[in-house]
Amino acid sequence: MALRLAYVAAALMATPAPAADLEVFKACSVAPIGSETCDPDALAEGLGLLSAGDMRVFRDAGMESFAMLTALRYAASAIYFEAEGDGCYAEEERTAAVEIWSIWVQVPEGVPAAIKERYDVYAGVMDAVVNMEVGC
């Protein structure tokens, strides 16, 4: 098991999300969406372009990677609809994202630091989605 987790950590380091998206995710994991450092359009686009391949390392570490991907895509939709002025749709998408994340996504104990760090970025993005201003 330890060897497998070491392999997963090495794979994470070798196949990160596109650098531009990862920087956006990192910025938005510590700042409110729409703030000076968290561009909602770039965040929605980056989250919307995530694929199963981007989440594979989490699956290999024993996490619900499909739930992560689904929640992050709902978050992208929520951000997009809010930017388009469709607050009620944004609220529905945000609610779905938050419910999926809170029920299915958790980091198991003992995962390699690289996986935990990447998880923390996505968890920070989800915290920003939870705190996003939505007008319905």
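Bear in mind that the values here come from a model prediction, so they are computed numbers and not experimental data.

Caption draft 1: Looking closely at the overall build of the protein chain. Regarding its fold elements, the protein chain presents seven helices and zero strands. Ordering the α and β elements of the protein chain from the N terminus gives α-α-α-α-α-α-α. Expressed as a percentage of contacts within the protein chain between residues at least 6 apart in sequence, the contacts between residues at least 24 apart total 70%. By element, 55% of the accessible surface of the protein chain is carried by carbon and sulfur atoms, the whole surface being about 7,300 Å².

Caption draft 2: Here's a closer look at the state of the cysteines. All told, the structure shown has one disulfide when counted by the stated rule. The disulfide that involves Cys-28 links it to Cys-38, with 2.0 Å between the sulfurs. Disulfide Cys-28-Cys-38: the torsion about the S-S bond is 110°, which places it as right-handed. Taken together, the residues span a long stretch of sequence, with Cys-28 in helix α2 (residues 19-28) and Cys-38 in the loop between α2 and α3 (40-48) at a distance of ten residues. What makes Cys-28 buried here is its relative accessible area of 1%.

Caption draft 3: How the structure looks around helix α6 (residues 87-104). In this model, α6 (18 residues) spans 25 Å end to end at C-alpha, consistent with the 26 Å of a helix rising 1.5 Å per residue. The complete set of buried residues in α6 reads Gly-87, Ala-90, Glu-93, Arg-94, Ala-96, Ala-97, Ile-100 and Trp-101. Residues of α6 that are buried sit in contact with α5 (65-83) and α7 (113-130).

Caption draft 4: Seen up close, the environment of Ala-75. Positionally, Ala-75 belongs in helix α5. On the accessibility criterion, Ala-75 (0% relative accessible area) is buried. Taking the C-alpha atoms as reference points, Ala-75 and Ala-96, separated by 21 residues in sequence, lie 8.2 Å from one another.

Caption draft 5: Broad picture of the packing of aromatic side chains. If you walk through the whole model with that rule in mind, you get five aromatic pairs. Measuring from ring centre to ring centre gives 5.7 Å for Phe-25 and Tyr-122, while their planes differ by 55°; the resulting arrangement is tilted. Here the residue Phe-25 occupies a position in helix α2, and Tyr-122 occupies one in helix α7, the gap between them amounting to 97 residues. The exposure class of Phe-25 is buried, given its relative accessible area of 0%. A ring pair is formed by Tyr-80 and Phe-81, whose centres lie 5.5 Å apart and whose planes are at 65°; its orientation type is edge-to-face. Classification of Tyr-80 as partly exposed rests on a relative accessible area of 44%. Clustering of aromatic rings is evident, with ring pairs tying together Phe-25, Phe-58 and Tyr-122.

Rules used in this analysis
Residues numbered from 1 in each chain as written. Predicted model: local features only at pLDDT ≥ 70, side-chain atom pairs only at ≥ 80, totals over all residues. Heavy atoms only, no water. Helix = DSSP H or I, 4+ residues; strand = E, 2+ residues; numbered from the N terminus. Contact = heavy atoms within 4.5 Å. Areas by Shrake-Rupley, 256 points an atom, 1.4 Å probe, with all protein chains shown as cover. Disulfide = S-S within 2.5 Å. Buried < 20%, exposed > 50% of the residue type's maximum accessible area, 1.4 Å probe, protein only. Expected span 1.5 Å × (residues − 1). Phe/Tyr/Trp six-rings, centres within 6.5 Å; stacked < 30°, edge-to-face > 60°.

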